[in-house]
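Here's the letter readout for the chains.
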Amino acid sequence: MPPVAPVRRTAARLAALLVATLALGVVTAPAAPASAASRTGLLAAAPGDDEGGTPALRAQLDAASKGWLEARAALNRSVTRQQQLTAQLKTINAELTVRDAKVGEIAGVAYRAGRLGTAAALLGSSSPEGFMDRAAALEQVAAHEDRVLRDLIETRDDATRTQTALTGEIQEQRKQVAAMAKRKQQAERALEVANNRASSSGGGSVQGTSSANAKPAPRNADGSWPPESCSVNDPTPADGCITPRTLHALQQAKAAGFTRYVSCHRPSGSGEHPKGRACDFAAQKDGFGGVASGGDKTYGNNLAAYFIRNADALAVLYVIWFKQIWLPSSGWKAYSGGNGDPSSDHTNHVHLSVY
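Residues numbered from 1 in each chain as written. Predicted model: local features only at pLDDT ≥ 70, side-chain atom pairs only at ≥ 80, totals over all residues. Heavy atoms only, no water.

An unreviewed UniProt entry lists the chain under the name ARB-07466-like C-terminal domain-containing protein, with Micromonospora chaiyaphumensis as the source organism.

Below, the structure is given as structure tokens:
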């Protein structure tokens, strides 16, 4: 069995593999044609800061959520590796038992019959042919016994290395747990600062339901998310470009029945829209209007619940809806950085940001 090298992964390690461009062809036009005013309302509602909050706040939320996702991915890798090492150690221990039994058997035979000595084996020969046969037998017994002992020692060395690797793996897991807690605190502190400066009331969780499961977006072999650029065409009326993962989330939401008006890329702003990593899903059927109510609000609640249910599969950084923000590390928190209009307050659309 080859040696088992200790594994020490950190949350900052990401592979440089770019996900292949997903197939296009998804059209997210509303059921009824949206007016030009409603389609552009999100852009015109809050000049200079159309997503509410501040660029600094969104940068903190982005960094905190990314760091938390990376820390969790590293922890998951550590857990998987620990399970593998534990299985290997179990196999090695079983092999040790077999080897010990074999060595004991050889020792028992030697004790009962007397260990073959070179002189005894050769002097007992009555002919040249017998001499050669006994010499060959002596060599075979010695080689076998030596091989068993060497295998036993090597197996024990493997067991020791495996135990050392397990110890290092556990230490790495503890580091990742600490990193996850730190990222969670960063996000919550950023929100507390923003909420203290605003007059909006705090809030609890958004009450929505969703049982639909999204198809997971492609990952690296180690479970991490590959870096992506704004490299595929935005199929929404916003035009521009989005990342393959954003397109995947858009396609999955549409497949789950959320087919109302959507706008993704925007060339300006300080959030993820210019990077192609965000989409705004209108609650109303005809685009971005006033504050959602009734069935429109229920639609928004259910859409937000869908993204949260499938946050791991879709690499969700955060979801904003009705003056609330959902973070993978913290759940729902108050988001009070709006300008008092439905767009920046996110009371007419669900905002989705992906990794």
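Back to the text.
Attention now goes to the state of the cysteines. Linking two cysteines covalently through their sulfur atoms gives a disulfide. Summed over all chains, the structure comprises two disulfides. One disulfide bridge connects Cys230 with Cys241, the sulfur atoms lying 2.0 Å from each other. Given an S-S torsion of about 110°, the disulfide between Cys230 and Cys241 has right-handed geometry. Of the two residues, Cys230 sits in the loop between helix H4 (128-197) and strand S1 (232-233) while Cys241 sits in strand S2 (residues 241-242), which places them eleven residues apart along the sequence. In this model Cys264 forms its disulfide with Cys279; the gap between the sulfur atoms is 2.0 Å. One disulfide, between Cys264 and Cys279, carries an S-S torsion of 95° and so falls in the right-handed class. Here Cys264 is found in the loop between strand S3 (262-263) and strand S4 (278-282), whereas its partner Cys279 is found in strand S4, with 15 residues between them in sequence. Accessibility assignment for this pair places Cys264 and Cys279 in one class, buried. (Disulfide = S-S within 2.5 Å. Helix = DSSP H or I, 4+ residues; strand = E, 2+ residues; numbered from the N terminus. Buried < 20%, exposed > 50% of the residue type's maximum accessible area, 1.4 Å probe, protein only.)

Right, let's talk about the environment of Thr97 for a bit. Within the fold, Thr97 resides in helix H2 (residues 55-113). Residue classification places Thr97 among the exposed positions, given a relative accessible area of 53%. Here the alpha-carbon distance between Thr97 and Leu152, two residues 55 residues apart in the chain, equals 9.6 Å.

Glancing now at the packing of aromatic side chains. Enumeration according to the criterion identifies six aromatic pairs in this entry. For the pair Phe258 and Tyr299, a centre-to-centre distance of 5.6 Å together with 70° between the ring planes defines the contact as edge-to-face. Of this pair, Phe258 sits in the loop between helix H5 (244-255) and S3 while Tyr299 is found in helix H6 (residues 294-309), placing the two residues 41 residues apart along the sequence. Of the two residues examined, Phe258 and Tyr299, each falls in the buried class. Connected via pairs of aromatic rings, a cluster forms that spans Phe258, Phe281, Tyr299, Tyr306 and Phe307. Cation over ring: Lys297 sits above Phe322, and NZ or CZ is 4.1 Å from the ring centre. (Phe/Tyr/Trp six-rings, centres within 6.5 Å; stacked < 30°, edge-to-face > 60°. Lys NZ or Arg CZ within 6 Å of the ring centre and 35° of its normal.)

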